[in-house]
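Observations on the model geometry
So you can see what is in the structure, the chains are spelled out below.
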Amino acid sequence: MPVATKDVLRLATVGSVDDGKSTLIGRLLVDTRLVADDHLDAVAAASERRGVGDLDLSFVTDGLRAEREQGITIDVAYRYATTPTRKLVIADCPGHVQYTRNMATGSSTADLALVAVDVAAGLKEQTRRHLVIAALLGVRALVVAVNKMDTVEWSRTAYERVVAEVGALAAVLGAAPVVAVPVSALYGDNVVERSARAPWYEGPTVLEALEASDAGAWERSCGARLPVQWVLRQPGGGRTYAGLVSGEALRVGDAVTLLPAGVETSIRSIRYGGRALDEAAVGIAADVELDDETDAGRGDLIATAPLPRVTRELEATVCWFGDEPLELTGRRLRLKHTSRTTPVRVRAIEGLLDVGSLEVADAEALATNEIGFVRLATAEPLVVDDYREDRVTGGFVLVDEASHATVAAGMVGRPPFATARR
Amino acid sequence: MTALAPPATAPGLDHLDALESHALFILREVVAECERPVLLFSGGKDSAVLLHLAAKAFAPQGLPFPVLHVDTGHNFPEVLDFRDRAAARLGARLLVARVQDSIDRGRVADPGALASRNRLQSVTLLDAIAEHGFDAAFGGARRDEDKARAKERVLSFRDEFGQWDPRRQRPELWRLYQGRVNPGEHVRAFPLSDWTELDVWQYVARERLDLPSIYFAHERPVVRRDGMWLAVGEFVQPRDAERVEVREVRFRTVGDATGTGAVLSGARTLEEVVAEVAAATVSERGATRGDDRFSETSMEDRKREGYF
Ligand SMILES: Nc1nc2c(ncn2[C@@H]2O[C@H](COP(=O)(O)OP(=O)(O)O)[C@@H](O)[C@H]2O)c(=O)[nH]1
Ligand SMILES: [Mg+2]
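1. Digging into the overall build of chain A
A count of helices and strands for chain A gives nine helices and 23 strands. In terms of C-alpha radius of gyration, chain A reaches 23 Å, essentially the compact-globule figure of 22 Å for 422 residues. A separation threshold of at least 6 residues defines the contact pool for chain A, and within that pool the share at least 24 residues apart is 71%. Seen as two clouds, the 46 positive and the 59 negative side-chain charges of chain A have centres 3 Å apart.

Put into structure tokens, the structure is as follows:
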């Protein structure tokens, strides 16, 4: 019967290619019996046809022809799983450096990173890059699956070495305390079923760690935000402003400021899908009526205190995905931030982040998949918060004017771990 | 300490409200950013939910785009009735692009009277998109349907040949949906990307949505073929050794009537369907779609050609 409402956890797999991310997700879904019978049969048939054993678990998510031929993940696969306590939205991400943009796509909407590390190989450069990107994107919670324990005879020393390495990096990156689990994704140890091979391990299985994570909890530090997407004309002549609420809930009677204009007013009424609400929770696509006449439109922002700032100059962190480098005199770009799109110029490239040392070096350009710090000037004013205060009002993308391709993920502000080492 | 950005998931939000809100957001975003959107409407449950969401997103105004049915000509009459009823109720402008016209004009070869026209629809669809100059097409596809769909962006770019290239998808960060294209190109927009079959049915039950009657258990003559129950009628005739039986069935998906299987079911109410879907161990397409069974990557191959 109607399944009761459950708390949703969005997670992304993170880590270097071949450390076992897809196998881990396949194992998680198969052992919780969340793969449909016909899908499982199809995975078995595809495994046999490609001569990779009875059941290649990575094929549960690696569904493209090229992925199965090459035995790699190229783009993010989304899977949906309901456990007795939680709904999981799983983004299985690729590990290769050339698919970093796809990994960023999968992680940008995640609350938790499920990190796979091959215990025999240790923490690779590419895993460090992914952890840094996940931290930049604001993924605070980490569950580390120390994988392929079968290849080191379940050595506790090897496990603890990896846990220490990841833990040290996570601490520098400002992540929440790491939960680590020794697993063999291939054989199914400690993923869903508890293993007898590591009697020294008393912590949770991967599934238990995901179910217990409090990644949804968050201390609010900014006010309510409603970026106006669309204006709805009501019978009788009134107007309501539609958008997705972020930051904090919005209530009838709240004193709000319409930005960038700076008009102070208050919320007269809130509607959701035609019915009246007293309060619109974060994540609700509400439309609101204001107490004063305004000329608000798409691209404007309705906010409660503490207010975001209005600016045409941004100090920002960018992950560059363009095929050609980001340069001061490079291709023409525009910037999309909330519901506003504006021409943008790169005023300065202020540094390049070395993902290994976390040091910032001078740079003239950012190559594909590099992370750097830039100063941007926009044609129109933007209404922004620091990314660390609000993912919605702090995040933006850069778009190539000629091809309309999305070429960068941008975050307002700089992460503390990088500036500290400059 | 507030170390890093807040979670993407809002705690405490009802999950159907979260899915609905995300879909309303996508609908509004695409309409605001694209010049000529269209909503693809098959008369199936997913497109019925999509149409309902579109009406909600822009109420009290009407739909700011037309609705397009790509008609294989192999229809269940209950679905055509529903299509016309649903469009009329919302005052939607209904366009119909017929695969038969594509056959008559020589755009595609005629596969024969009783053969599936599922794959041919891509040509009819792309021709209609070009003819009307649409730059965005909303579809009801969900990522839980198929392993290739599981890889697709919410806003999915199509080149001037209508092709999906899974190796060159645009990055899609957060909920910053970016749908601009050059002339001749378009995007497909999938507001139900994150919905599962169960979510759709729970939502249909919550909103008490009207659907074609074939989604609910009824008696009908069927034959067993390729492991599926096919409805005997204009488009499916029993072959030599096949025995026609009257069974209590319902449809889990609605497609080309020559290749869409029914499932044995006694679920006659919304609540019974929700319970049945929650307990199902076979996927929706696995139970009902003939053409997805024979090739490992049939959906990917069709999508590359411009399929829904
Ligand atoms: N021995 C062993 N091999 C594993 C384990 N997990 C994954 N593998 C293998 O490692 C390879 C890469 O796995 P895959 O899941 O594709 O890695 P991904 O690139 O991180 O997604 C495959 O050959 C897997 O079978 C494990 O726990 N033990
Ligand atoms: Mg993989």
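2. Digging into the overall build of chain B
Of regular secondary structure, chain B possesses nine helices and ten strands. Here the C-alpha atoms of chain B give a radius of gyration of 19 Å, agreeing with the 19 Å that 2.2 N^0.38 yields for 308 residues. The C-alpha extent of chain B, read off along each of the three principal axes, is 70 × 45 × 40 Å. Buried residues in chain B amount to 64% of all 308 residues.

3. Structural notes on the domain arrangement of chain A
Looking at chain A, the domain boundaries give domain 1 (7–212), domain 2 (225–303) and domain 3 (309–420). If you average the C-alpha positions of domain 1 of chain A and of domain 2 of chain A, the two centres end up 40 Å apart.

4. Comments concerning the coordination of the magnesium ion (ligand 2)
All names here are of chain A. Around the magnesium ion (ligand 2), the donor atoms from the protein are Ser22 (OG) and Thr73 (OG1), and they sit 2.0 to 2.1 Å away. Highlighted residues: Ser22 in helix 1 (residues 21–31) and Thr73 in the loop between helix 3 (65–70) and strand 2 (77–82), separated in sequence by 51 residues. Each member of the pair, Ser22 as well as Thr73, carries the same accessibility label: buried.

5. Remarks on the domain arrangement of chain B
All names here are of chain B. As far as domains go, chain B holds domain 1 (15–199 + 298–304) and domain 2 (209–293). Each of domain 1 and domain 2 was reduced to a C-alpha centroid, and the two centroids are 23 Å apart. In this complex, domain 1 contributes 29 residues to the contact, which on the side of domain 2 involves 27 residues. Between domain 1 and domain 2 lies a buried interface of about 2500 Å² when both sides are counted; carbon and sulfur atoms form 56% of it. Applying the counting criterion to the domain 1 and domain 2 interface returns seven salt bridges. Asp210 is paired through a salt bridge with Arg85; the nearest N and O atoms lie 2.9 Å apart. For the side of domain 1 that touches domain 2, the class distribution of residues is nine nonpolar, ten polar and ten charged.

6. Observations concerning unusual backbone geometry
Following Leu259(A), the chain continues into Pro260(A) via a peptide bond in cis, with omega recorded as 5 degrees. Among the secondary structure elements, Pro260(A) is positioned in the loop between strand 11 (255–259) and strand 12 (263–272).

7. Structural notes on the sheet that holds strand 6 (residues 186–189) of chain B
Residue and element names in this part refer to chain B. The mixed open sheet is built from six strands, whose spatial order is 3-2-1-4-6-5. Two strands in the sheet have a free side with no partner beyond their single neighbour: strand 3 (94–98) and strand 5 (155–158). The sheet shows a mean angle of 30 degrees between the axes of neighbouring strands, taken without regard to direction. Bridging between strand 4 (residues 136–138) and strand 6 involves three bridges; their strand directions are parallel. Considered in strand 6, the bridge of Phe138 is made with Ala189. Packed on one face of the sheet, helix 2 (residues 45–58) meets strand 1 (37–40), strand 2 (67–71) and strand 4 and runs near 140 degrees to strand 1.

8. As for the packing of aromatic side chains
All names here are of chain B. A complete count under the given rule lists 13 aromatic pairs over all chains for this structure. Here Trp201 and Tyr215 contribute two aromatic rings whose centre-to-centre distance is 5.7 Å and whose plane-to-plane angle is 75 degrees, an arrangement assigned as edge-to-face. Of this pair, Trp201 sits in helix 6 (residues 197–207) while Tyr215 is found in the loop between helix 6 and strand 7 (218–225), placing the two residues 14 residues apart along the sequence. This pair shows no difference in class: Trp201 is buried, exactly as Tyr215 is. Residues Trp201 and Phe216 carry aromatic rings whose centres are separated by 6.0 Å and whose planes lie at 80 degrees to one another, so their mutual orientation is edge-to-face. Of the two residues, Trp201 sits in helix 6 while Phe216 sits in the loop between helix 6 and strand 7, which places them 15 residues apart along the sequence.

How each quantity is defined
- Residues numbered from 1 in each chain as written.
- Chains lettered and ligands numbered in written order.
- Predicted model: local features only at pLDDT ≥ 70, side-chain atom pairs only at ≥ 80, totals over all residues.
- Heavy atoms only, no water.
- Helix = DSSP H or I, 4+ residues; strand = E, 2+ residues; numbered from the N terminus.
- Rg over C-alpha atoms; globule rule 2.2 N^0.38 Å.
- Contact = heavy atoms within 4.5 Å.
- Lys, Arg positive; Asp, Glu negative; His and termini not counted.
- Charge placed at Lys NZ, Arg CZ, Asp CG, Glu CD.
- Buried < 20%, exposed > 50% of the residue type's maximum accessible area, 1.4 Å probe, protein only.
- Domains from an automatic or database assignment.
- Donors = N, O, S within 2.8 Å, 3.2 Å for Na, K, Ca; no water.
- Buried area = accessible area lost by both parts, 1.4 Å probe.
- Salt bridge = Lys/Arg side-chain N within 4 Å of Asp/Glu carboxyl O.
- Nonpolar A, V, L, I, M, F, W, Y, C, P; charged D, E, K, R; others polar.
- Pairing = 2+ DSSP bridges.
- Axes fitted to C-alpha atoms, helices over the stretch in contact; angles between N-to-C directions.
- Phe/Tyr/Trp six-rings, centres within 6.5 Å; stacked < 30°, edge-to-face > 60°.

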